[in-house]
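Okay, here's what each chain looks like letter by letter:
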Amino acid sequence: MKNFLSVGIGGIIGTIARYLISMSLNSYSIFPWGTLAINLFGSFFLAFFLTVALQQFPHRSLLVLAVSTGFTGAFTTFSSVSVEAV
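The shown structure was predicted, so the numbers you read here are calculated from the model rather than taken from an experiment.

## Describing the overall build of the chain
A tally of helices and strands in the chain yields four helices and zero strands. Reading the chain from its N end, one meets helices and strands in the order α-α-α-α. When burial is assessed residue by residue, the chain has 29% of its 86 residues classed as buried. Long-range contacts, defined as pairs at least 24 residues apart, comprise 66% of the intrachain contacts of the chain with a sequence gap of at least 6. Put simply, the chain shows about 6000 Å² of open surface, and 76% of that area lies on carbon and sulfur atoms.

## Considerations on the confidence of the model for the chain
Residues with a pLDDT of 70 or more make up 90% of the chain, whose mean pLDDT is 86. Per-element confidence in the chain is highest for helix α1 (residues 2-26), whose mean pLDDT is 91, and lowest for helix α4 (residues 78-85), whose mean pLDDT is 63.

## What about α1?
End to end, α1 covers 35 Å across 25 residues, agreeing with the expected 36 Å (1.5 Å per residue, within 8%). For α1, every residue scored as buried is listed here: S6, G10, G11, G14, A17, R18, S22 and N26.

## Quick word on the packing of helix α2 (residues 33-56) against helix α3 (residues 62-75)
Running from N to C, α2 and α3 point in directions that differ by 170 degrees, and their axes come no closer than 10 Å. On the basis of the axis angle, α2 is roughly antiparallel to α3. Seen from α2, the contacting residues are I38, F41, G42, F45, L46, F49, L50 and A53; seen from α3, they are L63, V64, V67, S68, F71, T72 and F75. Classifying every residue of the contact of α2 with α3 by side-chain character gives 12 nonpolar, three polar and no charged.

## A closer look at the side chain of S6
Looking at where S6 falls in the secondary structure, it is placed in helix α1. If we skip the residues at most four places from it in the chain, S6 touches L62, L65 and A66.

## A look at the packing of aromatic side chains
Taken as a whole and assessed by the stated rule, the structure comprises six aromatic pairs. Measuring from centroid to centroid gives 5.9 Å for F41 and F45, while their planes differ by 20 degrees, and the two rings are stacked. With a gap of four residues between them, F41 and F45 both fall in helix α2, about one helical turn apart. Residue class for F45 comes out partly exposed when judged on its relative accessible area of 24%. Grouped by ring-pair contacts, the aromatic residues F41, F45, F49, F71 and F75 constitute a single cluster.

Criteria and cut-off values
- For every chain, the first residue of the written sequence is number 1, and numbering continues from 1 along that sequence.
- Thresholds applied to this predicted model are a pLDDT of at least 70 for local features of residues and 80 or more for the giving and counting of side-chain atom pairs; totals over whole chains, interfaces and linings are not thresholded and use all residues.
- Side-chain metrics in this entry use all non-hydrogen atoms of the structure; hydrogen atoms and water are not considered.
- Working definition: helices are DSSP H or I runs of at least four residues, strands are E runs of at least two. Numbering for both runs from the N terminus.
- Using a 1.4 Å probe on the protein chains alone, a residue whose accessible area is under 20% of its type maximum counts as buried, one over 50% counts as exposed, and one in between counts as partly exposed.
- Contacts were defined at the residue level, with two residues in contact if any of their heavy atoms lie within 4.5 Å.
- The method behind every accessible area is Shrake-Rupley, applied with a 1.4 Å probe, and residues are considered shielded solely by the protein chains displayed.
- Each residue carries a pLDDT value, the predictor's own confidence for that position, ranging from 0 to 100.
- What a helix is expected to span follows from its residue count: subtract one and scale by 1.5 Å.
- Inter-axis angles, ranging from 0 to 180 degrees, are taken between N-to-C directions of lines fitted to C-alpha atoms, where helices are fitted over the stretch in contact.
- Convention used here: angles under 35 degrees read as roughly parallel, angles over 145 as roughly antiparallel, angles from 65 to 115 as roughly perpendicular, and any remaining angle as oblique.
- As a working rule, the residues Ala, Val, Leu, Ile, Met, Phe, Trp, Tyr, Cys and Pro are called nonpolar, Asp, Glu, Lys and Arg charged, and the rest polar, with Gly in that last group.
- Only rings of Phe, Tyr and Trp enter the pairing, Trp through its six-membered ring, and a pair is recorded when the two centres are within 6.5 Å. The plane angle decides the type: under 30 degrees is stacked, over 60 is edge-to-face, the rest tilted.

Shown next as C-alpha coordinates:
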(Lines give C-alpha, C1' and ligand atoms only; values in the text may rest on other atoms or scores of the structure.)
Protein backbone atom coordinates (compact mmCIF):
# COMPACT_ATOMS: atom_id res chain seq x y z
CA MET A 1 0.00 0.00 0.00
CA LYS A 2 2.91 2.35 0.69
CA ASN A 3 4.15 1.84 -2.87
CA PHE A 4 0.79 2.91 -4.32
CA LEU A 5 0.67 6.03 -2.18
CA SER A 6 4.26 6.87 -3.06
CA VAL A 7 3.61 6.63 -6.80
CA GLY A 8 0.33 8.53 -6.41
CA ILE A 9 1.87 11.45 -4.55
CA GLY A 10 4.72 11.65 -7.04
CA GLY A 11 2.20 11.53 -9.88
CA ILE A 12 0.16 14.38 -8.46
CA ILE A 13 3.24 16.59 -8.17
CA GLY A 14 4.43 15.61 -11.67
CA THR A 15 1.05 16.36 -13.22
CA ILE A 16 0.85 19.79 -11.62
CA ALA A 17 4.42 20.61 -12.68
CA ARG A 18 3.69 19.53 -16.27
CA TYR A 19 0.53 21.63 -16.41
CA LEU A 20 2.21 24.78 -15.10
CA ILE A 21 5.23 24.50 -17.40
CA SER A 22 3.29 23.55 -20.52
CA MET A 23 0.74 26.34 -20.05
CA SER A 24 3.47 28.93 -19.72
CA LEU A 25 5.57 27.72 -22.69
CA ASN A 26 2.82 26.61 -25.09
CA SER A 27 1.02 29.95 -25.11
CA TYR A 28 3.69 31.69 -27.23
CA SER A 29 3.53 29.64 -30.41
CA ILE A 30 1.56 27.18 -32.47
CA PHE A 31 4.27 24.54 -31.95
CA PRO A 32 4.05 22.91 -28.47
CA TRP A 33 7.45 24.01 -27.17
CA GLY A 34 6.41 23.23 -23.61
CA THR A 35 5.74 19.59 -24.43
CA LEU A 36 9.07 19.25 -26.20
CA ALA A 37 10.96 20.88 -23.32
CA ILE A 38 9.15 18.80 -20.70
CA ASN A 39 9.78 15.49 -22.47
CA LEU A 40 13.46 16.27 -23.12
CA PHE A 41 14.02 17.44 -19.56
CA GLY A 42 12.11 14.46 -18.15
CA SER A 43 14.18 11.96 -20.07
CA PHE A 44 17.48 13.46 -18.93
CA PHE A 45 16.19 13.92 -15.39
CA LEU A 46 15.10 10.28 -15.12
CA ALA A 47 18.45 8.99 -16.35
CA PHE A 48 20.38 11.29 -14.01
CA PHE A 49 18.15 10.63 -11.02
CA LEU A 50 18.24 6.85 -11.36
CA THR A 51 22.00 6.85 -11.85
CA VAL A 52 22.51 8.80 -8.64
CA ALA A 53 19.66 7.27 -6.65
CA LEU A 54 20.55 3.66 -7.33
CA GLN A 55 24.09 4.31 -6.14
CA GLN A 56 22.92 6.04 -2.95
CA PHE A 57 19.91 3.77 -2.27
CA PRO A 58 20.79 0.24 -3.35
CA HIS A 59 17.47 -1.02 -1.97
CA ARG A 60 14.29 0.30 -3.56
CA SER A 61 13.06 3.10 -1.40
CA LEU A 62 9.73 4.89 -1.53
CA LEU A 63 11.47 8.10 -2.58
CA VAL A 64 13.04 6.46 -5.63
CA LEU A 65 9.68 4.94 -6.57
CA ALA A 66 7.84 8.24 -6.08
CA VAL A 67 10.27 10.27 -8.16
CA SER A 68 11.08 7.79 -10.93
CA THR A 69 7.67 6.20 -11.52
CA GLY A 70 5.24 8.73 -10.06
CA PHE A 71 6.70 12.16 -10.74
CA THR A 72 8.61 11.47 -13.96
CA GLY A 73 5.91 9.19 -15.33
CA ALA A 74 3.22 11.82 -14.88
CA PHE A 75 5.55 14.64 -15.93
CA THR A 76 6.48 13.08 -19.27
CA THR A 77 3.24 11.31 -20.12
CA PHE A 78 2.92 10.54 -23.82
CA SER A 79 -0.81 11.21 -23.97
CA SER A 80 -0.14 14.96 -23.92
CA VAL A 81 2.02 14.62 -27.04
CA SER A 82 -0.72 12.62 -28.76
CA VAL A 83 -3.43 15.17 -27.99
CA GLU A 84 -1.32 18.12 -29.15
CA ALA A 85 -0.28 16.32 -32.33
CA VAL A 86 -3.91 15.79 -33.31
